[in-house]
Amino acid sequence: MAAKTLTIDGKQISAEEGASVLQAASEAGITIPTLCHLEGVYDVGACRLCLIEVKGIPKLLPACTTKVAEGMEVSTDSERLRKYRRMTLELLFAERNHVCAVCVANGHCELQTLAYSLGMDHVRYDYNFPKWGVDTTHRLFGMDHNRCILCARCVRTCWHVEGAGTKNVAGRGSKSKIISDLNQPWGHSESCTECGKCVMSCPTGALFRKGSTVGESERDRTKLEFIVTAREKKQWNA
Amino acid sequence: MSVNLTNPEQPPVKPVAEAKHPSGDKRFKILEVHMKKLQFKQDALIEVLHKAQELFGYLEDDVLLFISAKLKLPPSRVYGVATFYHFFTLKPKGEHTCVVCMGTACYVKGADKVVEAVQNQLKIRAGETTTDNKVSLLTARCIGACGIAPAVVYDGTVIPRQTPESAMEQINKWVQS
């Protein structure tokens, strides 16, 4: 496949045609903050945290769904980008009930980690405090919609890694919600295989294993990558 | 598929390709013919949902499951799409429907006041149906009739320049009928 040369943060990089800017950057050791991106499933560009500046294009582009091009000049860090990333994070926190101190994912949460790393020290917007329920009908897992950021990682994992398609997003806008089958209690879902991959994929405390303590709720994302690599490349090394 | 576990000698019942819907409702057959015309393509889901709503009036779980089985899509996907679009409704509509356009032009011209008046009168919120199943109140995002704003669609007929009073008049006619 043809190689494309581009510069990311002033560094000359060569990447395969068809690769995303995010892939090219990570291969070159440049970290771009992400949230809805998950190794192993396709990207949707939903969270807008991986926004980058590309010379000659006035608007910001998501690194995960922007393909590399010859001579592209990318900047992954600037005052403007930091400002927007912080704002996006604050809006995510304000939209639902994200209170780290009382969360099962405290210390293992990607949203929290990003907030720390991007220097978010407070939320400028009023919290919406919506009254979402908690679905604990499943034998092994629970889903707390109050902590969901609608990244749809569980949806993509369930459909494209496990292949069951139990989860999807229903509704639109702020009323969107992750559902199981026909919006029935998760425990009543006929398609759920109880594999737990959705729990592994969740970046926050929205999906959790029942009966596990906060300290145990570290997620093993490498397992998802392992499965995908095994399936696609026929390689069984993690 | 049901497998007979009690009598192992009896072969499992195979589903018949052109099986009738267990409810015997002919509309399922019509819907299936429509899906066949679209070659059971998964990306024809929205067209199929349109047809289903036209046939049944609303999309109940049974219909959504039927569509998901025929198009070989996860039920969650079908439900997700059906709830994303305001046009689709999962609950039966009332005898009469009142759709208030809340597009920018209509909104500026006072559509919000029309909605508020109807909501107060019927004691329901937009998107709901009165308990006696007489009237459903819905809102739409621009029906393309900005020149006659604010527009309201009463039982499929677009009526121009509505006010809370004129809307009330129509609603009361329905309620008293």
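Higher on the page you've got the structure.
What comes next is a walk through the structure. (Residues numbered from 1 in each chain as written. Chains lettered and ligands numbered in written order. Predicted model: local features only at pLDDT ≥ 70, side-chain atom pairs only at ≥ 80, totals over all residues. Heavy atoms only, no water.)

**Side note on the interface of chain B and chain A**
Heads up, the rule is: Two residues qualify as a contact provided that any one of their heavy atoms is within 4.5 Å of a heavy atom in the partner residue. Here the buried area means the combined drop in accessible surface, using a 1.4 Å probe, for two parts upon being joined, counting both sides. The working definition used for a salt bridge is a side-chain nitrogen of Lys or Arg within 4 Å of a carboxyl oxygen of Asp or Glu. Under the rule applied, a polar contact is a pair of N or O atoms within 3.5 Å (in protein, one hydrogen donor and one hydrogen acceptor; residues adjacent in sequence only if both atoms are side-chain atoms). Secondary structure follows DSSP: runs of H or I at least 4 residues long count as helices, runs of E at least 2 residues long count as strands, and numbering of each begins at the N terminus.
Each partner contributes to the interface: chain B provides 14 residues, whereas chain A provides 14 residues. In total, about 1,100 Å² of surface goes out of reach between chain B and chain A, with carbon and sulfur atoms giving 65% of it. When the buried surface of chain B facing chain A is broken down by residue, Ser76(B), Tyr79(B) and Phe84(B) rank first, second and third, together holding 44% of it. Counting across the chain B and chain A interface gives zero salt bridges. There are five residue pairs in polar contact (both at pLDDT 80 or more) connecting chain B and chain A. Looking at the side of chain B that touches chain A, the elements with two or more residues in it are helix 3 (61-71) and helix 4 (75-84) of chain B. Residue contributions to the side of chain B that touches chain A peak at seven residues, all from helix 4 of chain B.

**A closer look at the pattern of salt bridges**
Residues and elements named next belong to chain A. Operational definition: We call a residue buried when its accessible area falls under 20% of the maximum for its residue type, exposed when it is over 50%, and partly exposed in between, using a 1.4 Å probe and counting protein chains only.
Counting across every chain of the model gives 14 salt bridges over all chains. Note that Lys-55 and Glu-73 form a salt bridge whose closest N and O atoms lie 3.9 Å from each other. Residue Lys-55 is found in the loop between strand 3 (51-54) and strand 4 (61-62), and its partner Glu-73 is found in strand 5 (residues 73-75); the two are separated by 18 residues along the sequence. With a relative accessible area of 39%, Glu-73 lands in the partly exposed category. The residue Glu-110 makes a salt bridge to Arg-153 at a minimum N-O spacing of 2.9 Å.

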